[in-house]
Amino acid sequence: MDVPSLHSEFLSDALPRIRQDARVAGVAITGSIAGGHPDAYSDVDLILVIDDEAYDAVMQERLALIGSWASLVAGFTGEHVGEPRLIITLVGPPLLHVDFKFVRASDFAERIDNPEVLWDRVGILVGALAQQPPTTPSLDLQWFEDRFWIWVHYGATKLGRGELFETIGFLNYLRETVLGPLAARRVGAIPRGVRHLETIAPEQARDLQATLCGYDRHEAGQALLAAIDLYRRWSDDGGAVVERRHHAEKLTLQYLHDVIDQGH
């Protein structure tokens, strides 16, 4: 694997320091480096596997520990992405984004993809991965359908009021929460918002361009209609039983078209 020099140098410097802490059972790496396609803009996504009995103590020391392993510039916890075990950092200079996720040894095997084990103090990491396969997250199409038309009505009200920044932000929300995951699903990829869609789902990424708009009321209305069209196409799956909210769809579409017509 051709790892960029900055990333490689960081790992070469940090791993020996991490190994000095006897509470660390091992270190693994995920993301583009583990996937074999890193570039100069890649993060370093580390998993620090901590002995169960030492975990609580280590969690209280995380920023100090990271500062002893690398030249820490800034760091914060990952509650905003639903992962409080995560510390998101910049190290350097030169600046490098490094995510440190601290997990109990007993929880290490719970994952959605396979990490690469960089160091395993007594061999428990490799064994844990072998015993438990990754769990691929599945999309709940009914969850989308129950919410989508209410969301669209919300976007239409902001468009009608002329809150174009809010409307543009709402379109981004639909791409991240609904359309991006549906696009990834169509090509058999793990849904991660709109991450890497240009690479993993180029046809769908081209279609998504129709949901972009500038600071323009007409463009925003057309982008909302394009988002609806893509949702209908991409959520249509003959293998899934979805109770369609046809009444909500009909009324919401009429409302959106009325709002768009008012702007003409």
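Residues numbered from 1 in each chain as written. Predicted model: local features only at pLDDT ≥ 70, side-chain atom pairs only at ≥ 80, totals over all residues. Heavy atoms only, no water.

Asks: Would you explain the overall build of the protein in this entry?
Replies: Looking only at helices and strands, one finds 11 helices and 6 strands in the protein. Dimensions of the protein along its principal axes, counting C-alpha atoms only, are 65 × 40 × 35 Å. A burial count over the protein gives 41% of its 264 residues as buried. A separation of at least 24 residues holds for 61% of the contacts in the protein among residues at least 6 apart in sequence. With an accessible surface of roughly 14000 Å², the protein has 51% of that area assigned to carbon and sulfur atoms. Taking the average location of the 24 positive side-chain charges in the protein and that of its 38 negative ones, the two points are 3 Å from each other. (Helix = DSSP H or I, 4+ residues; strand = E, 2+ residues; numbered from the N terminus. Buried < 20%, exposed > 50% of the residue type's maximum accessible area, 1.4 Å probe, protein only. Contact = heavy atoms within 4.5 Å. Areas by Shrake-Rupley, 256 points an atom, 1.4 Å probe, with all protein chains shown as cover. Lys, Arg positive; Asp, Glu negative; His and termini not counted. Charge placed at Lys NZ, Arg CZ, Asp CG, Glu CD.)

Asks: Looking at this structure, I do not really get the pattern of salt bridges. What am I missing?
Replies: Close approach of charged atoms allows side chains with opposite charge to pair. Evaluated as defined, the whole model comprises 12 salt bridges. A salt bridge links Glu 163 to Arg 161; the nearest nitrogen and oxygen atoms lie 2.7 Å apart. Judged by relative accessible area, which is 61%, Arg 161 ranks as exposed. Between Glu 243 and Arg 245 there is a salt bridge, with its nearest N and O atoms 3.1 Å apart. For Arg 245, a relative accessible area of 28% translates into the label partly exposed. What emerges from the salt-bridge pattern is a single network uniting Asp 21, Arg 23 and Glu 61. (Salt bridge = Lys/Arg side-chain N within 4 Å of Asp/Glu carboxyl O.)

Asks: Honestly, the sheet that holds strand β2 (residues 44-50) in this entry has me stumped. Any pointers?
Replies: Pairing between the strands of a sheet is mediated by backbone hydrogen bonds and can be parallel or antiparallel. Here 6 strands make up an open sheet; going across it, the order is β3-β4-β5-β2-β1-β6 and the pairing mixed. In the strand order of this sheet, the two ends are held by β3 (72-78) and β6 (116-120), each with one partner. Within this sheet the neighbouring strands show an average axis-to-axis angle of 25°, counted without direction. Across 4 bridges, the pairing between strand β1 (residues 24-30) and β6 is antiparallel. What sits directly across from Gly 26, in β6, is Asp 120. Contacts between helix α1 (residues 5-19) and the sheet are confined to β1, β2, β4 (83-91), β5 (96-104) and β6, with β2 contributing the most and set at about 10° to the helix. Packed onto the sheet, helix α5 (residues 124-131) meets β1, β2 and β6 and runs at close to 145° relative to β6. (Pairing = 2+ DSSP bridges. Axes fitted to C-alpha atoms, helices over the stretch in contact; angles between N-to-C directions.)

Asks: What should I look at first to understand the packing of aromatic side chains in this one?
Replies: Where two aromatic rings form a pair, the distance of their centres and the angle of their planes describe that pair. Under the defined criterion, the tally for this structure stands at 11 aromatic pairs. Note on Phe 10 and Phe 100: the rings are 6.4 Å apart at their centroids and 75° apart in plane angle, and the pair reads as edge-to-face. Of this pair, Phe 10 sits in helix α1 while Phe 100 sits in strand β5; the two residues are 90 residues apart in sequence, bridging distant segments of the chain. Taking the relative accessible area as the measure of exposure, Phe 10 reaches 9% and is therefore buried. Chaining the aromatic ring pairs together yields one cluster made of Phe 10, Trp 69, Phe 100 and Phe 102. (Phe/Tyr/Trp six-rings, centres within 6.5 Å; stacked < 30°, edge-to-face > 60°.)

Coordinates in, geometry out; function isn't part of it.
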